[in-house]
Amino acid sequence: MLDVAEAVAADWAALGVRGSFLARDIDTGAQLGFDAAVPVPLASVVKVPLALVVLDRIASGGLDAALPVTVDPATSSVGPTGLAAFRHPATVAVGDLLHLMMSVSDNAGADALLDLVPVAEVDARLRAWDCGDLRVRHRMNLMYECAAGAAGNDFSLALELAVRDDRSGRHTLRTLDPAHANAGTATALVDLLHRVWRDEISRPPATAELRRLMGAQLFTQRLASELRSDALRVSGKTGTFLHLRHEVGVVEADSGHRVAVAALTRSDRRAALAPDIDLAIGAAARDAFEALRR
């Protein structure tokens, strides 16, 4: 399986991509990957541990999934999808905020949940669950605030700064610095998925609902792009910001094979769109899944 990991790393390097990759058979523990212990800013992948902590609070009786929450665009977080794209106030139940956050990566929904379960509580709960290599340090909107603070309204300049700073290791945008960002490693993310799929963390109602929500993700251009089959199910969560293109998820086959995958990439390219990188993540997931289920 070393040859598969080396081939994935070579394919990514040819595209100008650096990153971390790990795939693990949930039932046997066999795995393959590279640079899996390197901390990386997570972008919207952080919504997976956030969702689990919120669902744990619901399962324990500390939060009602039916609680209505009003989100006002005048004060909510920015983003292209979900409530973040709304122009008028909307009232949505907590359970539906979770659905929006996970299915279309709604930043306003995520930050509305963080109003109920604060950042410090999420981070502390992850440490209590022995997930110390996953750190939740800030709200989603801070990524955009930091980009605007450095580059104004010029998102292309923010992207150029991100690429430049990633090479130098000195970050103008602190939410891209693993020491200050919502950050984690491929190993920590696969460990989390492993435990969620085996009901070995939080409470079974919470882990079951997280599995359902990850199965509802509408973005299929990465992990699922090379795994489209009636015999396969892909549950995932993307993370995209400036030069970051990530996805974590679980591939399940009707045969019973289950493989957890974390693909965390940083591009050297100053491009807002990079479908070839998305497809390379999908090819890596396909090759790893095939290798691990032999």
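The paragraphs below set out a description of the structure included in this document. (Residues numbered from 1 in each chain as written. Predicted model: local features only at pLDDT ≥ 70, side-chain atom pairs only at ≥ 80, totals over all residues. Heavy atoms only, no water.)

### Observations regarding the overall build of the chain
What the chain contains, in helices and strands, is 10 helices and 9 strands. Taking 294 residues into account, the globule formula puts the C-alpha radius of gyration at 19 Å, and the chain, at 18 Å, falls close to it. Taking the principal axes of the C-alpha coordinates as reference, the chain spans close to 50 × 45 × 35 Å. Taking all 294 residues of the chain together, the buried fraction comes to 54%. When contacts within the chain are restricted to residue pairs at least 6 apart in sequence, those whose partners lie at least 24 apart make up 68%. A total accessible area of about 12,000 Å² is found for the chain, and carbon and sulfur atoms account for 51% of it. Averaging the coordinates of the 31 positive side-chain charges in the chain and doing the same for the 37 negative ones gives two points 2 Å apart. (Helix = DSSP H or I, 4+ residues; strand = E, 2+ residues; numbered from the N terminus. Rg over C-alpha atoms; globule rule 2.2 N^0.38 Å. Buried < 20%, exposed > 50% of the residue type's maximum accessible area, 1.4 Å probe, protein only. Contact = heavy atoms within 4.5 Å. Areas by Shrake-Rupley, 256 points an atom, 1.4 Å probe, with all protein chains shown as cover. Lys, Arg positive; Asp, Glu negative; His and termini not counted. Charge placed at Lys NZ, Arg CZ, Asp CG, Glu CD.)

### Re the pairing of strand S4 (residues 68-71)
The alternating pattern of S4 places Val69 and Val71 on a buried face and Pro68 and Thr70 on a face that is not buried. Here S4 pairs with strand S5 (residues 90-93) via 4 bridges, running antiparallel. Residue valine 71 lies in a different strand from S5, and its bridge partner there is alanine 90. (Pairing = 2+ DSSP bridges.)

### Side note on the pattern of salt bridges
In the structure shown here, the tally under the stated rule is 21 salt bridges. The salt bridge involving aspartate 166 is made with arginine 266; its shortest N-O contact spans 2.9 Å. Here arginine 266 lies in strand S9 (residues 258-267) and aspartate 166 lies in helix H7 (residues 155-168), a separation of 100 residues in the sequence. For the pair shown, aspartate 166 and arginine 266 are each scored as buried. If you follow the salt bridges from partner to partner, you end up with Arg18, Asp166, Arg266 and Asp268 in one network. (Salt bridge = Lys/Arg side-chain N within 4 Å of Asp/Glu carboxyl O.)

### Quick word on the packing of aromatic side chains
Inspection of the entire model under this criterion finds 5 aromatic pairs. Between tryptophan 12 and phenylalanine 21, the ring centres sit 5.9 Å apart and the planes meet at 80°, which makes this aromatic pair edge-to-face. In this structure an aromatic cluster arises from ring pairing among Trp12, Phe21 and Phe34. (Phe/Tyr/Trp six-rings, centres within 6.5 Å; stacked < 30°, edge-to-face > 60°.)

### Considerations on the sheet that holds strand S8 (residues 244-253)
The 5 strands lie next to each other as S2-S1-S9-S8-S7, forming an open sheet whose pairing is antiparallel. The strands lining the two open edges of the sheet, one partner per strand, are strand S2 (31-34) and strand S7 (232-241). Direction aside, neighbouring strands of the sheet carry axes that sit 10° apart on average. Sheet topology note: the strand S1 (residues 17-25)/S2 ladder contains 4 bridges and is antiparallel. Its bridge partner being in S2, phenylalanine 21 is matched across the sheet by phenylalanine 34. Across the face of the sheet, helix H8 (residues 186-197) comes into contact with S1, S7, S8 and S9 while running at roughly 155° to S9. (Axes fitted to C-alpha atoms, helices over the stretch in contact; angles between N-to-C directions.)

### Let's talk about the packing of H8 against helix H9 (residues 204-215)
For the pair H8 and H9, the least separation of the axes is 9 Å and the interaxial angle reads 115°. For the pair formed by H8 and H9, the contact residues are Leu193, Val196 and Trp197 on the first element and Thr207, Leu210, Arg211 and Met214 on the second.

### Some remarks on the pairing of S9
Burial analysis of S9 places 10 of its 10 residues in the buried class, which makes it a mostly covered element. Taking every second residue as pointing to the same face, both faces of S9 are buried, with Arg258, Ala260, Ala262, Leu264 and Arg266 on one and Val259, Val261, Ala263, Thr265 and Ser267 on the other. Pairing of S1 with S9 involves 9 bridges; the strand directions are antiparallel. Looking at S9, one finds that alanine 23 is bridged to valine 261. Of the pairings in the sheet, the one linking S8 to S9 comprises 9 bridges and is antiparallel in character. When the bridges of S9 are listed, arginine 245 appears paired with threonine 265. Counted along the chain from S8 to the antiparallel partner S9, the turn is 4 residues long, and its residue glycine 256 has a positive phi close to 105°.

### Quick notes on the environment of valine 104
Tracing the chain through its elements places valine 104 in the loop between helix H3 (94-103) and helix H4 (107-116). Taking the relative accessible area as the measure of exposure, valine 104 reaches 16% and is therefore buried. Distance from valine 104 to glutamine 217, taken between C-alpha atoms, is 6.4 Å for residues 113 residues apart in sequence. Ignoring anything within four residues of it in the chain, the contact list for valine 104 reads Thr81, Gly82, His99, Leu218 and Phe219.

### Notes on unusual backbone geometry
One non-glycine residue, aspartate 35, lies in the positive phi region at around 50°. Relative to the elements of secondary structure, aspartate 35 occurs in the loop between S2 and strand S3 (40-41). With relative accessibility at 48%, the residue aspartate 35 sits in the partly exposed group. The backbone of serine 202 sits at a positive phi, close to 55°, despite the residue not being glycine. Here serine 202 lies in the loop between H8 and H9. With a relative accessible area of 23%, serine 202 lands in the partly exposed category.

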